[in-house]
Number of protein chains: 2
Amino acid sequence: MTKLDESTIIKIFQTELGNKEFVSEDVEIFNLGKIRIVAKTDTLVESTDIPSKMRLEDAARKSIAACVSDFAAKGIKPEYGIISVNLPKNISRSKIIDVAKGFKKASTEYGITILGGDTNAGKEIVFNISIFGNSNKIVTRKGSKNGDLIFVTGPFGYTTVGLDLLLGKIKEKGKFAEKAIKSVTNPKPKISFGLKNKKYFSSSMDSSDGLSTTLNEMSKQSKKKFIINNIPVRKDLEKYAKSHKLNLIALVFHGGEEYEFVFTVPQKYKKIIKKSANLLKTPIIEIGQVTSGKGVFVKEEKNYINLRDLGWKHFG
Amino acid sequence: MTKLDESTIIKIFQTELGNKEFVSEDVEIFNLGKIRIVAKTDTLVESTDIPSKMRLEDAARKSIAACVSDFAAKGIKPEYGIISVNLPKNISRSKIIDVAKGFKKASTEYGITILGGDTNAGKEIVFNISIFGNSNKIVTRKGSKNGDLIFVTGPFGYTTVGLDLLLGKIKEKGKFAEKAIKSVTNPKPKISFGLKNKKYFSSSMDSSDGLSTTLNEMSKQSKKKFIINNIPVRKDLEKYAKSHKLNLIALVFHGGEEYEFVFTVPQKYKKIIKKSANLLKTPIIEIGQVTSGKGVFVKEEKNYINLRDLGWKHFG
């Protein structure tokens, strides 16, 4: 039997439900009374998303952080959360406490009131999180204009190395290894930066499915060409990739799970944005520019190569 | 290792999150702007909730119906839904279409706009549903007064037989078997009746965890004694129980998954309620009365026996 990829599965749901919106924007938006509500649901599945060496507390925190990341990209304050938990029948009390501690940590960190949820018995651990906020202005994936600058909220590429370390595929110690692991276990979506600056964004999108996926989606939605002339990478990762003969482009653009976001801004806002990033200690990186045309192109030495969408697919 | 039961697990979450509200009412209520939002999240897990002989289309429909059941009890109109689906990697296209068809069926049946959701790979099928509505008046679990009449929205007891049939534990054919199976595969929460009549309810609660659980919870919350002198059962089930030497009390009160609800009303509204039930073809049954005291008591022949909470526990 051929495996179905995620986009095929989503298409089946869209067709059957007669709903083209099924999984197309990062967040769900709906009106109740006179209020526009923003919601985001995300799911963390043990066998797919939680390496066995990852602490359950970190996994629980991350399941909320993953939702917050989409709110950060859209500039929405998360206010409430509902948590559904599936737990194997023989799970220990201490593991459940770890899970609860992780939820508590995230809810404090992001100021989210946990309303409640449900608990279920299942074959594996599953955290399903929904968060809610309220806003009339939401930055969309489309909207970038010629000349706009493209930014990301932090460096990319650590998560692939971190995941391989957590899965025991590679062995490595020291500061770099710790940093790589932390990028997986303790992602920090830049919510304050998103809330403060969304008014300057012409478009934005969470990058957790992989930077190449996000850039291609934003380029397609805006019907623009995205030129990337500065790869958002730190020296330590560059060095590691070189010494281990890893493809830097793949690490940075196709890894995913960074929980940063990509945004575009008109050039006139560059100074304001940079000043705000400094104040909020958000290490934004300018990576390129929007122009006429289509596709995403990355400068490698003197050539521009077409960057295809090779990010994370859940059913790949 | 001792298995933890659901209430222990919930207590751990309540303690760690510093949130006594974690899983205590049937629905979540929160304010955004000036709007009071009602939300309900429910999860259907393959290994726990979906007998292998149950069609996936029915299971998907039921996952939404289960949420609607709580809205029915609270008299809230469901308006929007978000769906999270976990699917095993090797699932076939036709099964995914079945799932989508089931969601579509329920969304049409209850007038719910499906906003979207997410799809994930996992070890087993999991449907996580959140539905949303908006209301300033919500009927609570407490609030019943001395003399109030206790009603249920339909007959109980078929689901245990239906589940045993679906699990192949018993073999039976004919009309009764079909009806019992349908009670599991195609529950019909009485949403129209709930919406129309909530203004007359002094308290109400969904009964899907088992009628004994619901009655005990409502009695406890109201600090009243619930006297049950009419067991909500049809002749066909009574006959079946007798001929198969099954305990009728256990079938009716401890089975669960009926997706009916229990409500109490002041006696003066009895006529109005009955007329409305007739018009809406909702087969409500008057089962007893609220009095001073505590506990739930069921009349068996000439004696009243204490009905303990022996409904469904997820981690039992």
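All values reported here derive from a predicted model rather than from experimental measurement.

Trainee: Sorry if this is basic, but what is going on with the sheet that holds strand β12 (residues 303-306) of chain A here?
Mentor: The strands making up a sheet associate through backbone hydrogen bonding, with each pair oriented either parallel or antiparallel. Residues and elements named next belong to chain A. Spatial strand order, β7-β9-β6-β10-β8-β11-β12: seven strands in an open sheet with mixed pairing. Of all strands in the sheet, those bounded by a partner on one side alone are β7 (203-206) and β12. On average, adjacent strands in this sheet sit at an angle of 25° to one another, irrespective of strand direction. Where strand β8 (residues 225-228) and strand β11 (residues 295-300) come together, four bridges link them in parallel fashion. Each bridged residue has a counterpart across the sheet, and for phenylalanine 226 the counterpart in β11 is valine 296. This element, helix α3 (residues 56-74), spans β7 and β9 (261-265) of the sheet and lies at about 175° to β7.

Trainee: Got a minute to help me understand the sheet that holds strand β3 (residues 80-87) of chain A in this structure?
Mentor: Residue and element names in this part refer to chain A. Across the sheet, which stays open at both edges, the five strands sit in the order β1-β2-β5-β3-β4 with mixed pairing between neighbours. Both outer strands of the open sheet, β1 (28-32) and β4 (113-121), are each paired with one neighbouring strand and no more. For this sheet the average axis-to-axis angle between neighbouring strands, irrespective of direction, equals 20°. Relative to strand β5 (residues 126-134), strand β2 (residues 35-45) runs antiparallel, the two sharing nine bridges. Across the sheet, threonine 41 pairs through a bridge with serine 130, a residue of β5. Running over the sheet, α3 touches β2, β3, β4 and β5 and is turned about 35° from β5.

Trainee: Whenever I open this one, the UniProt feature "binding site: substrate" (unreviewed entry) in chain A confuses me. Can you help?
Mentor: Residue and element names in this part refer to chain A. As annotated by UniProt and renumbered to match this structure, "binding site: substrate" (unreviewed entry) occupies Asp49, Glu257 and Trp312. Mapped onto the fold, aspartate 49 is located in helix α2 (residues 46-49). What makes aspartate 49 buried here is its relative accessible area of 16%. Beyond its immediate chain neighbours, meaning those up to four positions away, aspartate 49 contacts Thr43 and Leu44.

Trainee: In this structure, what is going on with the packing of helix α5 (residues 158-166) of chain B against helix α6 (residues 175-185) of chain B? I would like to understand it.
Mentor: Packed helix pairs are characterised by how far apart their axes lie and by the angle those axes make with each other. All names here are of chain B. With their axes 7 Å apart at the nearest point, α5 and α6 run at an angle of 95° to one another. It follows from the interaxial angle that α5 and α6 lie roughly perpendicular. Contacts between α5 and α6 involve Tyr158, Thr159, Val161, Gly162, Leu163, Leu165 and Leu166 from the former and Phe176, Ala177, Lys179, Ala180, Ile181, Ser183, Val184 and Thr185 from the latter. Of the residues assigned to the contact of α5 with α6, the class counts are 10 nonpolar, four polar and one charged.

Trainee: Sorry if this is basic, but what is going on with the interface of chain B and chain A here?
Mentor: Frequently, the measure chosen for interface size is the accessible area that the parts lose on association. Contact residues are listed per partner, giving 72 residues for chain B and 72 residues for chain A. In total, about 6300 Å² of surface goes out of reach between chain B and chain A, with carbon and sulfur atoms giving 66% of it. Scanning the region where chain B abuts chain A turns up two salt bridges. For B:Lys101, the salt bridge is made with A:Glu16, and the minimal N-O distance between the two is 3.3 Å. Put simply, chain B and chain A have 15 residue pairs in polar contact (both at pLDDT 80 or more) between them. Where the side of chain B that touches chain A is concerned, the elements lending two or more residues are α1 (6-17), β1 (28-32), β2 (35-45), α2 (46-49), β3 (80-87), α4 (93-110), β4 (113-121) and β5 (126-134) of chain B. When the residues that make up the side of chain B that touches chain A are grouped by side-chain class, the tally is 34 nonpolar, 23 polar and 15 charged.

Trainee: Please clarify how the UniProt feature "binding site: ATP" (unreviewed entry) in chain A should be interpreted in this entry.
Mentor: Residue and element names in this part refer to chain A. Under the UniProt annotation, the feature "binding site: ATP" (unreviewed entry) is placed at Gly117, Asp118, Arg141 and Ser208. Spanning 92 residues, the named residues do not form one spatial group; their C-alpha atoms are separated by as much as 32.5 Å. You can see aspartate 118 is positioned in strand β4. Judged by its relative accessible area of 8%, aspartate 118 is buried. In this view, serine 208 contacts Gly256, Glu257, Glu258 and Tyr259; residues no more than four positions away in its chain are not counted. A polar atom in the side chain of serine 208 sits 2.4 Å from the side chain of aspartate 206.

Trainee: Where do I start with the packing of helix α3 (residues 56-74) of chain B against α4(B) in this structure?
Mentor: All names here are of chain B. Direction vectors running N to C along α3 and α4 enclose 35°, while the axes themselves pass 7 Å from each other. In the packing of α3 onto α4, the handedness of the crossing is right-handed. In contact with Leu56, Glu57, Ala60, Arg61, Ser63, Ile64, Ala65 and Val68 of α3, α4 contributes Lys95, Asp98, Val99, Lys101, Gly102, Phe103, Lys105, Ala106, Glu109 and Tyr110. Across the contact of α3 with α4, the residue classes tally to nine nonpolar, two polar and seven charged.

Trainee: Explain empty space enclosed by the protein to me, please; I cannot follow it from the model alone.
Mentor: If a probe as big as a water molecule is rolled over the atoms, it shows which places are left empty. Taken as a whole, this structure holds one cavity of 30 Å³ or more when the rule is applied. If you go around the largest cavity, the residues you meet are A:Thr43, A:Ser84, A:Asn86, A:Val126, A:Asn128, B:Thr43, B:Ser84, B:Asn86, B:Val126 and B:Asn128. Residue assignment for the lining of the largest cavity shows that the elements contributing at least two residues are β3 and β5 of chain A together with β3 and β5 of chain B. Classifying every residue of the lining of the largest cavity gives two nonpolar, eight polar and no charged.

Trainee: Quick question: what am I supposed to make of the pattern of salt bridges here?
Mentor: Applying the stated rule across the entire model yields 22 salt bridges over all chains. Residues joined in a network through salt bridges with shared partners are A:Arg55, A:Glu57 and A:Asp58.

Thresholds, definitions, all that
Residues numbered from 1 in each chain as written. Chains lettered and ligands numbered in written order. Predicted model: local features only at pLDDT ≥ 70, side-chain atom pairs only at ≥ 80, totals over all residues. Heavy atoms only, no water. Pairing = 2+ DSSP bridges. Helix = DSSP H or I, 4+ residues; strand = E, 2+ residues; numbered from the N terminus. Axes fitted to C-alpha atoms, helices over the stretch in contact; angles between N-to-C directions. Contact = heavy atoms within 4.5 Å. UniProt positions renumbered as here; feature names shortened; annotations may be inferred. Buried < 20%, exposed > 50% of the residue type's maximum accessible area, 1.4 Å probe, protein only. Parallel < 35°, antiparallel > 145°, perpendicular 65-115°, else oblique. Nonpolar A, V, L, I, M, F, W, Y, C, P; charged D, E, K, R; others polar. Buried area = accessible area lost by both parts, 1.4 Å probe. Salt bridge = Lys/Arg side-chain N within 4 Å of Asp/Glu carboxyl O. Polar contact = N/O pair within 3.5 Å; in protein donor to acceptor, adjacent residues only side chain to side chain. Left-handed = near helix turned anticlockwise from the far one by under 90°. 1 Å grid on protein atoms, 1.4 Å probe; cavity = no way out; pocket = protein on both sides within 12 Å on 5 of 7 lines; lining within 4 Å. Points joined across faces, edges and corners; volume = space filled by probe spheres on them.

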